[in-house]
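Fold and geometry: a report
As a plain string of letters, each chain reads:
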Amino acid sequence: MNKKYRNLLTALLVIALFAVYGCSSNNNNAGSSGSASAGASAGASTGTAASAEPAAADLATELRFPLAQQVPTLDPHLALNTNVYVTLNIFEGLFAFDANFKPVPMLAESYDLSEDGKTYTFHLRHGVKFHNGKEMKAEDVVASLNRWKSVTGRAQASLGDSEFKTKDEYTVELALGEPRNDILAQLSHVLNNAAIMPKEVVEAAGPDGVKEYIGTGPFKFVEWKQDQYVHVAKFDDYQPVSAEPSGLSGKKEAFLKDVYFDIVTDSATRFSSFLAGTYDYVDVSLDNLPQVQGLSDVKLNKNLGSDINLVFNKKSPLFSNVKYREAVAAVLDADEILLGTVNSPDLYRLNPSYMYPENKTWYSEAGKENYNQKNADKAKQLLQEAGYNGQEVTLLTTKELGGSFYNATIVVQKELESIGVKTKLDINDFATLLKKRADANAWDIYVGLFTMPSTPSQLLYLNPTYGFADDAKLAELTKQLTAASTDEEIKTANDALQQYEWEYLAAVKIGDTYSQSATRDKLTGLTTLAGYPNLANTKLAK
(Lines give C-alpha, C1' and ligand atoms only; values in the text may rest on other atoms or scores of the structure.)
Protein backbone atom coordinates (compact mmCIF):
# COMPACT_ATOMS: atom_id res chain seq x y z
CA MET A 1 0.00 0.00 0.00
CA ASN A 2 1.24 3.48 -0.81
CA LYS A 3 2.27 5.86 1.93
CA LYS A 4 -0.26 8.65 1.97
CA TYR A 5 0.65 12.24 2.38
CA ARG A 6 -2.75 13.78 1.75
CA ASN A 7 -2.65 15.55 5.08
CA LEU A 8 0.84 16.93 4.57
CA LEU A 9 -0.31 20.49 4.03
CA THR A 10 -2.09 20.57 7.37
CA ALA A 11 0.85 19.02 9.16
CA LEU A 12 3.29 21.48 7.69
CA LEU A 13 1.02 24.35 8.65
CA VAL A 14 1.28 23.22 12.25
CA ILE A 15 5.05 22.98 11.93
CA ALA A 16 5.22 26.47 10.47
CA LEU A 17 3.19 27.87 13.34
CA PHE A 18 5.78 26.53 15.75
CA ALA A 19 8.82 27.57 13.73
CA VAL A 20 11.44 28.88 16.11
CA TYR A 21 12.92 31.72 14.13
CA GLY A 22 12.56 34.11 11.33
CA CYS A 23 8.82 34.16 10.89
CA SER A 24 7.97 37.31 12.71
CA SER A 25 9.48 40.68 13.15
CA ASN A 26 8.48 40.35 16.77
CA ASN A 27 11.49 38.05 17.07
CA ASN A 28 13.77 40.59 15.54
CA ASN A 29 13.18 44.00 17.06
CA ALA A 30 15.87 44.58 19.64
CA GLY A 31 16.83 48.18 19.20
CA SER A 32 16.32 51.02 21.63
CA SER A 33 14.12 54.02 21.11
CA GLY A 34 15.60 56.73 18.95
CA SER A 35 17.93 54.50 16.94
CA ALA A 36 17.64 51.91 14.21
CA SER A 37 16.46 48.59 15.60
CA ALA A 38 18.45 45.48 14.85
CA GLY A 39 17.11 42.02 14.08
CA ALA A 40 18.93 38.76 13.56
CA SER A 41 17.49 35.87 11.62
CA ALA A 42 18.85 32.46 10.82
CA GLY A 43 17.06 31.82 7.60
CA ALA A 44 14.29 34.30 7.11
CA SER A 45 13.39 37.77 8.26
CA THR A 46 10.47 40.08 7.98
CA GLY A 47 9.90 43.77 8.20
CA THR A 48 8.35 45.65 11.05
CA ALA A 49 5.72 44.33 13.39
CA ALA A 50 2.21 43.70 12.17
CA SER A 51 0.86 46.32 14.55
CA ALA A 52 2.79 48.99 12.62
CA GLU A 53 1.34 47.98 9.26
CA PRO A 54 -0.62 50.71 7.47
CA ALA A 55 -4.31 50.62 6.60
CA ALA A 56 -5.16 49.67 3.02
CA ALA A 57 -5.97 53.26 2.07
CA ASP A 58 -2.51 54.35 3.17
CA LEU A 59 -0.57 51.85 1.07
CA ALA A 60 1.71 52.86 -1.78
CA THR A 61 1.33 50.90 -5.00
CA GLU A 62 4.92 51.01 -6.31
CA LEU A 63 8.18 49.71 -4.84
CA ARG A 64 11.69 50.11 -6.22
CA PHE A 65 14.05 47.34 -5.12
CA PRO A 66 17.82 47.67 -5.80
CA LEU A 67 19.78 44.75 -7.26
CA ALA A 68 23.54 44.58 -6.69
CA GLN A 69 24.34 42.64 -9.87
CA GLN A 70 23.36 42.47 -13.50
CA VAL A 71 20.55 40.14 -14.58
CA PRO A 72 21.90 37.86 -17.33
CA THR A 73 18.68 35.85 -17.70
CA LEU A 74 15.16 35.60 -16.31
CA ASP A 75 14.83 31.94 -17.19
CA PRO A 76 14.15 30.39 -13.75
CA HIS A 77 15.76 27.08 -14.69
CA LEU A 78 19.01 28.91 -15.46
CA ALA A 79 18.75 31.56 -12.75
CA LEU A 80 21.51 32.01 -10.18
CA ASN A 81 22.10 34.60 -7.47
CA THR A 82 20.73 37.99 -8.57
CA ASN A 83 18.29 36.50 -11.07
CA VAL A 84 16.60 34.71 -8.21
CA TYR A 85 15.63 38.01 -6.58
CA VAL A 86 13.33 38.57 -9.53
CA THR A 87 12.31 35.08 -10.63
CA LEU A 88 11.16 33.94 -7.18
CA ASN A 89 8.40 36.53 -7.39
CA ILE A 90 7.26 35.56 -10.92
CA PHE A 91 7.52 31.78 -10.91
CA GLU A 92 6.52 28.99 -8.55
CA GLY A 93 7.34 25.30 -8.28
CA LEU A 94 5.51 22.28 -6.94
CA PHE A 95 7.19 22.89 -3.56
CA ALA A 96 8.97 25.75 -1.78
CA PHE A 97 11.14 25.96 1.34
CA ASP A 98 9.66 27.25 4.56
CA ALA A 99 11.78 29.15 7.11
CA ASN A 100 13.28 25.86 8.34
CA PHE A 101 14.19 24.67 4.83
CA LYS A 102 11.36 22.14 4.81
CA PRO A 103 9.68 21.61 1.44
CA VAL A 104 6.04 22.76 1.52
CA PRO A 105 3.51 22.14 -1.30
CA MET A 106 2.82 25.18 -3.50
CA LEU A 107 1.56 24.17 -6.96
CA ALA A 108 1.26 20.58 -5.75
CA GLU A 109 -1.79 19.84 -3.63
CA SER A 110 -0.20 16.69 -2.18
CA TYR A 111 1.99 13.78 -3.14
CA ASP A 112 2.22 10.02 -2.64
CA LEU A 113 5.42 8.05 -2.28
CA SER A 114 5.41 4.34 -3.09
CA GLU A 115 6.30 1.84 -0.40
CA ASP A 116 9.67 1.14 -2.05
CA GLY A 117 10.52 4.88 -2.10
CA LYS A 118 11.03 4.93 -5.86
CA THR A 119 7.84 6.47 -7.27
CA TYR A 120 6.57 9.95 -6.48
CA THR A 121 3.03 10.83 -7.57
CA PHE A 122 2.27 14.56 -7.50
CA HIS A 123 -1.36 15.70 -7.33
CA LEU A 124 -1.69 19.21 -8.74
CA ARG A 125 -3.89 22.02 -7.49
CA HIS A 126 -6.88 22.73 -9.71
CA GLY A 127 -7.65 26.18 -11.10
CA VAL A 128 -4.13 27.64 -10.91
CA LYS A 129 -3.64 30.06 -13.80
CA PHE A 130 -0.52 31.16 -15.59
CA HIS A 131 -0.01 34.84 -16.23
CA ASN A 132 -1.30 34.31 -19.81
CA GLY A 133 -4.64 33.06 -18.49
CA LYS A 134 -4.09 29.37 -19.24
CA GLU A 135 -4.77 26.86 -16.45
CA MET A 136 -1.74 24.94 -15.23
CA LYS A 137 -2.05 21.22 -15.91
CA ALA A 138 0.11 18.12 -15.85
CA GLU A 139 1.47 18.60 -19.37
CA ASP A 140 2.95 21.96 -18.30
CA VAL A 141 4.53 20.44 -15.20
CA VAL A 142 6.00 17.52 -17.14
CA ALA A 143 7.45 19.78 -19.86
CA SER A 144 8.89 22.19 -17.27
CA LEU A 145 10.44 19.63 -14.94
CA ASN A 146 11.95 17.48 -17.67
CA ARG A 147 13.61 20.59 -19.14
CA TRP A 148 14.71 21.67 -15.63
CA LYS A 149 16.32 18.28 -15.16
CA SER A 150 18.09 18.49 -18.50
CA VAL A 151 19.74 21.85 -17.74
CA THR A 152 20.49 21.46 -14.02
CA GLY A 153 23.45 19.37 -12.90
CA ARG A 154 22.13 19.00 -9.37
CA ALA A 155 18.80 17.61 -10.66
CA GLN A 156 20.54 15.28 -13.08
CA ALA A 157 22.60 13.86 -10.22
CA SER A 158 19.44 13.06 -8.23
CA LEU A 159 17.08 11.97 -10.99
CA GLY A 160 19.44 10.17 -13.34
CA ASP A 161 17.60 8.97 -16.44
CA SER A 162 14.18 9.20 -14.81
CA GLU A 163 11.56 11.45 -16.42
CA PHE A 164 8.42 13.13 -15.17
CA LYS A 165 5.31 11.65 -16.85
CA THR A 166 1.65 12.64 -17.12
CA LYS A 167 -0.83 10.30 -15.43
CA ASP A 168 -3.88 12.48 -15.99
CA GLU A 169 -4.62 16.20 -16.34
CA TYR A 170 -3.78 16.93 -12.73
CA THR A 171 -1.40 14.10 -11.80
CA VAL A 172 2.33 13.74 -12.55
CA GLU A 173 4.51 10.73 -11.77
CA LEU A 174 8.24 10.38 -11.29
CA ALA A 175 9.55 6.80 -11.26
CA LEU A 176 13.15 6.57 -10.02
CA GLY A 177 15.63 3.75 -10.47
CA GLU A 178 16.33 3.71 -6.74
CA PRO A 179 14.70 5.24 -3.64
CA ARG A 180 15.58 8.87 -2.94
CA ASN A 181 14.49 11.10 -0.06
CA ASP A 182 15.77 14.38 -1.55
CA ILE A 183 13.37 14.91 -4.45
CA LEU A 184 11.15 17.46 -2.68
CA ALA A 185 14.22 19.45 -1.59
CA GLN A 186 15.53 19.45 -5.16
CA LEU A 187 12.14 20.75 -6.34
CA SER A 188 12.27 23.52 -3.69
CA HIS A 189 15.77 24.92 -4.20
CA VAL A 190 15.95 28.56 -5.28
CA LEU A 191 18.97 28.27 -7.59
CA ASN A 192 18.14 26.67 -10.92
CA ASN A 193 14.58 26.79 -9.61
CA ALA A 194 12.25 23.97 -10.71
CA ALA A 195 9.66 26.53 -11.82
CA ILE A 196 6.54 25.55 -13.72
CA MET A 197 5.91 27.36 -17.01
CA PRO A 198 3.42 26.76 -19.85
CA LYS A 199 4.35 23.79 -22.02
CA GLU A 200 4.55 25.92 -25.17
CA VAL A 201 6.97 28.37 -23.51
CA VAL A 202 9.23 25.51 -22.43
CA GLU A 203 9.18 23.89 -25.86
CA ALA A 204 10.11 27.20 -27.54
CA ALA A 205 13.15 27.72 -25.31
CA GLY A 206 16.50 28.10 -27.05
CA PRO A 207 20.06 27.59 -25.78
CA ASP A 208 19.94 30.98 -24.06
CA GLY A 209 16.70 30.22 -22.23
CA VAL A 210 12.97 30.76 -22.54
CA LYS A 211 11.73 33.66 -24.66
CA GLU A 212 8.69 34.49 -22.51
CA TYR A 213 8.60 34.84 -18.74
CA ILE A 214 5.23 33.39 -17.78
CA GLY A 215 4.73 31.85 -14.37
CA THR A 216 2.00 31.43 -11.77
CA GLY A 217 3.44 33.72 -9.07
CA PRO A 218 1.87 36.75 -7.40
CA PHE A 219 3.72 39.08 -9.79
CA LYS A 220 3.83 38.90 -13.58
CA PHE A 221 6.62 40.06 -15.86
CA VAL A 222 6.07 43.41 -17.61
CA GLU A 223 9.39 44.72 -18.96
CA TRP A 224 13.14 44.10 -18.80
CA LYS A 225 15.16 47.22 -19.62
CA GLN A 226 18.68 45.88 -20.04
CA ASP A 227 21.16 47.29 -17.50
CA GLN A 228 18.39 49.43 -15.94
CA TYR A 229 15.48 47.52 -14.39
CA VAL A 230 13.06 44.62 -14.46
CA HIS A 231 9.42 45.64 -13.99
CA VAL A 232 6.86 43.21 -12.58
CA ALA A 233 3.21 43.88 -11.71
CA LYS A 234 0.56 42.34 -9.50
CA PHE A 235 -1.13 39.28 -11.04
CA ASP A 236 -4.81 39.81 -10.31
CA ASP A 237 -5.78 36.16 -10.89
CA TYR A 238 -3.17 34.74 -8.54
CA GLN A 239 -4.41 31.69 -6.62
CA PRO A 240 -2.69 31.48 -3.20
CA VAL A 241 -2.49 28.47 -0.93
CA SER A 242 -3.99 28.84 2.53
CA ALA A 243 -0.97 27.67 4.56
CA GLU A 244 0.66 30.08 6.97
CA PRO A 245 3.39 32.16 5.23
CA SER A 246 6.87 30.92 6.12
CA GLY A 247 10.11 31.50 4.26
CA LEU A 248 9.27 31.25 0.57
CA SER A 249 6.19 29.10 1.15
CA GLY A 250 2.61 29.56 2.26
CA LYS A 251 -0.06 32.12 1.49
CA LYS A 252 1.02 34.98 -0.76
CA GLU A 253 -0.85 38.19 -1.51
CA ALA A 254 0.48 41.03 -3.63
CA PHE A 255 -0.23 44.40 -1.99
CA LEU A 256 2.04 46.24 -4.43
CA LYS A 257 0.79 47.03 -7.92
CA ASP A 258 4.22 47.56 -9.49
CA VAL A 259 7.71 46.52 -8.46
CA TYR A 260 10.84 47.74 -10.23
CA PHE A 261 14.03 45.77 -9.62
CA ASP A 262 16.60 48.47 -10.33
CA ILE A 263 20.06 47.29 -11.38
CA VAL A 264 22.47 49.33 -9.27
CA THR A 265 25.81 47.54 -9.22
CA ASP A 266 27.68 50.29 -7.34
CA SER A 267 27.22 49.78 -3.60
CA ALA A 268 27.80 53.46 -2.77
CA THR A 269 25.05 54.46 -5.20
CA ARG A 270 22.63 51.92 -3.73
CA PHE A 271 23.28 53.13 -0.22
CA SER A 272 23.12 56.85 -1.00
CA SER A 273 19.86 56.23 -2.87
CA PHE A 274 18.49 54.52 0.24
CA LEU A 275 19.47 57.51 2.38
CA ALA A 276 17.85 59.81 -0.18
CA GLY A 277 14.59 57.84 0.05
CA THR A 278 14.63 56.25 -3.41
CA TYR A 279 14.75 52.81 -1.83
CA ASP A 280 13.21 51.44 1.34
CA TYR A 281 15.49 48.38 1.41
CA VAL A 282 19.24 48.13 0.88
CA ASP A 283 22.19 45.89 1.66
CA VAL A 284 24.47 47.45 4.26
CA SER A 285 28.26 47.18 4.44
CA LEU A 286 30.17 47.60 7.70
CA ASP A 287 31.45 50.97 6.48
CA ASN A 288 27.89 52.19 5.95
CA LEU A 289 26.48 50.71 9.13
CA PRO A 290 27.01 53.79 11.36
CA GLN A 291 24.98 55.92 8.96
CA VAL A 292 21.82 53.87 9.45
CA GLN A 293 22.25 52.87 13.09
CA GLY A 294 21.11 56.30 14.19
CA LEU A 295 18.01 56.50 12.01
CA SER A 296 14.78 56.18 13.98
CA ASP A 297 12.73 54.93 11.02
CA VAL A 298 15.17 52.21 9.93
CA LYS A 299 15.35 48.57 11.01
CA LEU A 300 18.55 46.57 10.56
CA ASN A 301 18.34 42.93 9.51
CA LYS A 302 20.98 40.25 9.87
CA ASN A 303 20.37 37.34 7.51
CA LEU A 304 22.11 33.99 7.35
CA GLY A 305 23.30 33.89 3.78
CA SER A 306 26.12 31.53 2.80
CA ASP A 307 28.54 28.97 4.15
CA ILE A 308 32.21 29.06 3.21
CA ASN A 309 34.04 25.93 2.12
CA LEU A 310 37.56 25.23 0.90
CA VAL A 311 37.26 22.79 -2.01
CA PHE A 312 40.18 20.61 -3.14
CA ASN A 313 40.82 19.57 -6.72
CA LYS A 314 41.09 15.84 -6.09
CA LYS A 315 42.76 15.35 -9.48
CA SER A 316 45.58 17.82 -8.88
CA PRO A 317 49.09 16.37 -8.46
CA LEU A 318 49.21 17.29 -4.77
CA PHE A 319 45.64 17.06 -3.54
CA SER A 320 44.87 13.71 -5.11
CA ASN A 321 46.85 12.58 -2.05
CA VAL A 322 44.64 12.80 1.04
CA LYS A 323 47.72 13.45 3.19
CA TYR A 324 48.06 16.90 1.59
CA ARG A 325 44.34 17.57 2.14
CA GLU A 326 44.77 16.62 5.79
CA ALA A 327 47.70 19.03 6.10
CA VAL A 328 45.60 21.93 4.82
CA ALA A 329 42.68 21.00 7.10
CA ALA A 330 45.06 20.87 10.06
CA VAL A 331 46.41 24.40 9.67
CA LEU A 332 43.17 26.26 8.88
CA ASP A 333 41.99 28.82 11.42
CA ALA A 334 38.29 29.20 10.71
CA ASP A 335 37.86 32.30 12.87
CA GLU A 336 40.65 34.08 11.04
CA ILE A 337 39.26 33.17 7.60
CA LEU A 338 35.69 34.12 8.49
CA LEU A 339 36.73 37.40 10.09
CA GLY A 340 38.87 38.20 7.06
CA THR A 341 35.86 37.57 4.84
CA VAL A 342 33.11 39.53 6.61
CA ASN A 343 35.23 41.87 8.79
CA SER A 344 33.07 41.52 11.89
CA PRO A 345 32.66 38.79 14.51
CA ASP A 346 28.94 39.58 14.44
CA LEU A 347 28.64 38.40 10.84
CA TYR A 348 29.85 34.81 11.08
CA ARG A 349 29.57 31.71 13.21
CA LEU A 350 31.66 28.58 13.53
CA ASN A 351 29.90 25.44 12.30
CA PRO A 352 31.51 22.03 11.68
CA SER A 353 28.46 20.69 9.81
CA TYR A 354 27.84 20.93 6.09
CA MET A 355 24.30 21.95 7.07
CA TYR A 356 23.01 24.84 9.14
CA PRO A 357 21.95 23.99 12.73
CA GLU A 358 18.49 25.27 11.80
CA ASN A 359 18.17 22.39 9.33
CA LYS A 360 16.94 19.89 11.90
CA THR A 361 16.87 16.92 9.54
CA TRP A 362 20.39 17.12 8.16
CA TYR A 363 22.53 18.95 10.74
CA SER A 364 25.25 16.69 12.16
CA GLU A 365 28.30 17.18 14.34
CA ALA A 366 29.97 13.93 13.26
CA GLY A 367 33.66 14.47 12.57
CA LYS A 368 33.76 17.85 14.30
CA GLU A 369 37.07 16.94 15.99
CA ASN A 370 38.71 17.64 12.63
CA TYR A 371 37.17 21.11 12.33
CA ASN A 372 39.08 24.35 12.98
CA GLN A 373 42.22 22.58 14.17
CA LYS A 374 44.65 25.54 13.92
CA ASN A 375 47.52 23.07 14.37
CA ALA A 376 50.55 24.22 12.37
CA ASP A 377 52.86 21.55 13.82
CA LYS A 378 50.50 18.76 12.75
CA ALA A 379 50.17 20.33 9.30
CA LYS A 380 53.95 20.50 8.85
CA GLN A 381 54.31 16.87 9.95
CA LEU A 382 51.68 15.78 7.42
CA LEU A 383 53.42 17.73 4.65
CA GLN A 384 56.69 16.00 5.52
CA GLU A 385 55.03 12.58 5.50
CA ALA A 386 53.48 13.37 2.11
CA GLY A 387 56.89 14.33 0.69
CA TYR A 388 56.19 17.99 0.00
CA ASN A 389 59.05 19.51 -1.95
CA GLY A 390 58.06 23.11 -2.60
CA GLN A 391 55.49 22.52 -5.34
CA GLU A 392 53.36 25.58 -6.08
CA VAL A 393 49.68 25.47 -5.09
CA THR A 394 47.24 27.43 -7.28
CA LEU A 395 44.39 29.15 -5.44
CA LEU A 396 41.53 29.93 -7.83
CA THR A 397 39.53 33.05 -6.96
CA THR A 398 37.73 36.21 -8.09
CA LYS A 399 37.45 39.76 -6.80
CA GLU A 400 33.83 39.96 -8.03
CA LEU A 401 30.75 39.19 -5.91
CA GLY A 402 31.68 41.82 -3.36
CA GLY A 403 35.20 40.50 -2.83
CA SER A 404 34.17 37.82 -0.33
CA PHE A 405 35.69 34.92 -2.30
CA TYR A 406 38.96 36.84 -2.66
CA ASN A 407 39.09 37.95 0.96
CA ALA A 408 38.63 34.38 2.20
CA THR A 409 41.22 33.08 -0.24
CA ILE A 410 44.00 35.47 0.74
CA VAL A 411 43.64 34.47 4.39
CA VAL A 412 43.88 30.81 3.39
CA GLN A 413 46.94 31.70 1.31
CA LYS A 414 48.59 33.31 4.33
CA GLU A 415 47.89 30.29 6.51
CA LEU A 416 49.30 27.88 3.91
CA GLU A 417 52.46 29.93 3.51
CA SER A 418 52.87 29.96 7.30
CA ILE A 419 53.61 26.21 7.12
CA GLY A 420 55.92 26.54 4.15
CA VAL A 421 53.54 25.88 1.27
CA LYS A 422 54.38 27.85 -1.88
CA THR A 423 51.20 29.40 -3.34
CA LYS A 424 49.94 31.39 -6.31
CA LEU A 425 46.66 33.32 -6.63
CA ASP A 426 44.82 32.91 -9.94
CA ILE A 427 42.39 35.86 -9.98
CA ASN A 428 39.64 35.85 -12.62
CA ASP A 429 36.28 37.36 -13.43
CA PHE A 430 33.54 35.07 -12.14
CA ALA A 431 32.61 33.67 -15.54
CA THR A 432 36.23 32.67 -16.20
CA LEU A 433 36.51 31.20 -12.70
CA LEU A 434 33.55 28.92 -13.42
CA LYS A 435 35.19 27.65 -16.61
CA LYS A 436 38.53 27.05 -14.91
CA ARG A 437 36.90 25.33 -11.95
CA ALA A 438 35.56 22.69 -14.34
CA ASP A 439 39.11 22.05 -15.63
CA ALA A 440 41.03 19.54 -13.50
CA ASN A 441 44.35 20.93 -14.79
CA ALA A 442 43.67 24.57 -13.88
CA TRP A 443 43.69 24.77 -10.09
CA ASP A 444 44.43 23.14 -6.73
CA ILE A 445 42.25 24.92 -4.16
CA TYR A 446 39.08 26.98 -4.47
CA VAL A 447 37.49 28.86 -1.55
CA GLY A 448 33.85 29.73 -2.18
CA LEU A 449 30.55 30.77 -0.63
CA PHE A 450 27.66 28.36 -1.10
CA THR A 451 23.97 29.28 -1.06
CA MET A 452 21.38 27.56 1.08
CA PRO A 453 22.57 23.96 1.55
CA SER A 454 19.39 21.99 2.21
CA THR A 455 20.30 18.30 1.78
CA PRO A 456 23.72 16.60 1.58
CA SER A 457 22.94 15.38 -1.92
CA GLN A 458 22.82 19.03 -3.05
CA LEU A 459 26.41 19.65 -1.96
CA LEU A 460 28.19 19.96 -5.27
CA TYR A 461 31.63 19.20 -3.86
CA LEU A 462 30.54 15.67 -2.91
CA ASN A 463 30.03 14.64 -6.54
CA PRO A 464 32.59 13.94 -9.27
CA THR A 465 31.80 17.00 -11.40
CA TYR A 466 32.77 19.65 -8.84
CA GLY A 467 36.28 19.25 -7.43
CA PHE A 468 36.31 15.73 -8.88
CA ALA A 469 35.34 13.74 -5.78
CA ASP A 470 35.53 10.31 -7.40
CA ASP A 471 35.49 7.98 -4.39
CA ALA A 472 33.60 4.70 -4.12
CA LYS A 473 32.94 4.91 -0.36
CA LEU A 474 31.73 8.51 -0.60
CA ALA A 475 29.37 7.52 -3.42
CA GLU A 476 28.06 4.52 -1.48
CA LEU A 477 27.47 6.53 1.70
CA THR A 478 25.66 9.20 -0.34
CA LYS A 479 23.51 6.50 -1.92
CA GLN A 480 22.65 5.05 1.49
CA LEU A 481 21.82 8.54 2.75
CA THR A 482 19.38 9.38 -0.03
CA ALA A 483 17.74 5.94 0.27
CA ALA A 484 17.07 6.26 4.01
CA SER A 485 13.38 6.51 4.84
CA THR A 486 12.92 6.83 8.61
CA ASP A 487 14.26 9.61 10.83
CA GLU A 488 16.56 7.12 12.58
CA GLU A 489 17.90 5.76 9.29
CA ILE A 490 18.47 9.29 7.99
CA LYS A 491 20.39 10.33 11.11
CA THR A 492 22.59 7.22 11.04
CA ALA A 493 23.37 7.60 7.34
CA ASN A 494 23.89 11.35 7.63
CA ASP A 495 26.34 10.98 10.53
CA ALA A 496 28.25 8.29 8.62
CA LEU A 497 28.54 10.47 5.51
CA GLN A 498 29.69 13.56 7.36
CA GLN A 499 32.19 11.56 9.45
CA TYR A 500 33.68 10.14 6.28
CA GLU A 501 33.71 13.54 4.56
CA TRP A 502 35.88 14.87 7.39
CA GLU A 503 38.26 11.97 6.64
CA TYR A 504 38.09 12.01 2.86
CA LEU A 505 38.10 15.84 2.73
CA ALA A 506 36.40 16.60 -0.56
CA ALA A 507 36.13 20.05 1.01
CA VAL A 508 36.79 21.67 4.37
CA LYS A 509 33.95 23.52 6.03
CA ILE A 510 35.05 26.97 7.25
CA GLY A 511 31.82 28.40 8.71
CA ASP A 512 28.60 30.31 8.09
CA THR A 513 28.27 33.99 7.21
CA TYR A 514 25.57 36.61 7.59
CA SER A 515 24.69 39.65 5.52
CA GLN A 516 23.12 42.89 6.71
CA SER A 517 20.32 44.92 5.23
CA ALA A 518 18.24 47.91 6.23
CA THR A 519 14.51 48.49 5.79
CA ARG A 520 12.46 51.55 6.54
CA ASP A 521 9.61 51.12 8.99
CA LYS A 522 7.08 51.91 6.29
CA LEU A 523 8.09 48.70 4.48
CA THR A 524 6.42 45.76 6.24
CA GLY A 525 5.96 42.07 5.56
CA LEU A 526 9.12 41.63 3.50
CA THR A 527 10.41 38.08 4.02
CA THR A 528 13.79 36.74 2.97
CA LEU A 529 15.26 33.27 2.95
CA ALA A 530 19.07 33.09 2.70
CA GLY A 531 18.87 36.73 1.65
CA TYR A 532 16.43 36.18 -1.24
CA PRO A 533 13.28 38.33 -1.00
CA ASN A 534 9.71 37.14 -1.09
CA LEU A 535 7.86 40.34 -1.99
CA ALA A 536 4.43 38.77 -1.65
CA ASN A 537 2.74 40.02 1.52
CA THR A 538 4.99 43.11 1.46
CA LYS A 539 3.30 46.44 2.18
CA LEU A 540 4.68 49.93 1.70
CA ALA A 541 3.09 52.89 3.44
CA LYS A 542 2.71 56.13 1.50
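Residues numbered from 1 in each chain as written. Predicted model: local features only at pLDDT ≥ 70, side-chain atom pairs only at ≥ 80, totals over all residues. Heavy atoms only, no water.

An unreviewed UniProt entry annotates the chain as ABC transporter substrate-binding protein originating from Cohnella hashimotonis. Here is the UniProt Subcellular location (unreviewed entry) comment for the chain, exactly as written: "Cell membrane". (UniProt positions renumbered as here; feature names shortened; annotations may be inferred.)

Glancing now at helix H13 (residues 430-437). For an α-helix, 3.6 residues make a turn, and residues three or four places apart therefore share a direction. Here H13 has its buried residues at Phe-430, Leu-433 and Arg-437. Along H13, the residues classed as buried sweep out an arc of 50 degrees about the axis, all on the same side. Elements that come into contact with the buried residues of H13 comprise strand E16 (392-398), strand E17 (422-428) and strand E18 (445-451). For H13, the side-chain oxygen to backbone nitrogen distance between the N-cap and Ala-431 is 3.2 Å, and the N-cap itself is Asp-429. (Buried < 20%, exposed > 50% of the residue type's maximum accessible area, 1.4 Å probe, protein only. Helix = DSSP H or I, 4+ residues; strand = E, 2+ residues; numbered from the N terminus. Arc of directions from axis to C-beta. Contact = heavy atoms within 4.5 Å. Polar contact = N/O pair within 3.5 Å; in protein donor to acceptor, adjacent residues only side chain to side chain.)

We now examine empty space enclosed by the protein. Under the defined criterion, the tally for this structure stands at six cavities of 30 Å³ or more. There is about 120 Å³ of room inside the largest cavity. Around the largest cavity sit 13 residues that line it, and Leu-88, Phe-91, Ala-96, Leu-248 and Lys-252 are the ones nearest its centre. Taken together, the residues of the lining of the largest cavity sort by class into seven nonpolar, four polar and two charged. Of the pockets and cavities examined, the second largest cavity occupies roughly 70 Å³. Forming the walls of the second largest cavity are Asn-309, Pro-352, Ser-353, Tyr-354, Tyr-461, Gln-498, Glu-501, Trp-502, Ala-507, Val-508 and Lys-509. Of all the secondary-structure elements, those providing two or more residues to the lining of the second largest cavity are helix H15 (487-504) and strand E19 (507-520). (1 Å grid on protein atoms, 1.4 Å probe; cavity = no way out; pocket = protein on both sides within 12 Å on 5 of 7 lines; lining within 4 Å. Points joined across faces, edges and corners; volume = space filled by probe spheres on them. Nonpolar A, V, L, I, M, F, W, Y, C, P; charged D, E, K, R; others polar.)

This brings us to the sheet that holds strand E6 (residues 108-113). Read from one edge to the other, the open sheet built from four strands follows the order E6-E7-E9-E8, with strand pairing classed as antiparallel. In this open sheet, the two strands that pair with only one neighbour each are E6 and strand E8 (164-168). Adjacent strand axes in the sheet meet at a mean angle of 25 degrees when their direction is disregarded. Judged from the five bridges that link them, strand E7 (residues 119-124) and strand E9 (residues 171-175) form a sheet pairing that is antiparallel. Bridge assignment links Thr-119 to a residue of E9, and that residue is Ala-175. Across the sheet, helix H3 (residues 138-151) touches E7, E8 and E9, and the angle it forms with E8 is around 170 degrees. (Pairing = 2+ DSSP bridges. Axes fitted to C-alpha atoms, helices over the stretch in contact; angles between N-to-C directions.)

Our focus in this paragraph is the environment of Leu-347. Within the fold, Leu-347 resides in the loop between helix H10 (334-342) and strand E15 (348-349). Under the relative-accessibility criterion, Leu-347 is labelled buried at 7%. When the C-alpha positions of Leu-347 and Lys-302 are compared, they lie 7.9 Å apart, and in sequence the two are 45 residues distant. Apart from the residues within four sequence positions on either side, Leu-347 is in contact with Leu-286, Lys-302, Val-342, Asp-512, Thr-513, Tyr-514 and Gln-516.

Tallied over the full model, the rule gives 25 aromatic pairs. Here Tyr-111 and Tyr-120 contribute two aromatic rings whose centre-to-centre distance is 6.1 Å and whose plane-to-plane angle is 20 degrees, an arrangement assigned as stacked. Each of the two residues, Tyr-111 as well as Tyr-120, counts as buried. Look at Tyr-446 and Tyr-466: their rings are 6.4 Å apart centre to centre, the planes differ by 70 degrees, and that puts the pair in the edge-to-face class. Remark: Tyr-466 occurs in the loop between E18 and helix H14 (472-483) and Tyr-446 occurs in strand E18; sequence separation between them is 20 residues. On the basis of relative accessibility, which here comes to 2%, the residue Tyr-446 falls in the buried class. An aromatic cluster is built from Phe-405, Phe-430, Trp-443, Tyr-446, Phe-450, Tyr-461 and Tyr-466, whose rings are joined through pairwise contacts. Here the basic side chain of Lys-302 rests over the ring of Tyr-514, its NZ or CZ set 4.6 Å away from the ring centre. (Phe/Tyr/Trp six-rings, centres within 6.5 Å; stacked < 30°, edge-to-face > 60°. Lys NZ or Arg CZ within 6 Å of the ring centre and 35° of its normal.)

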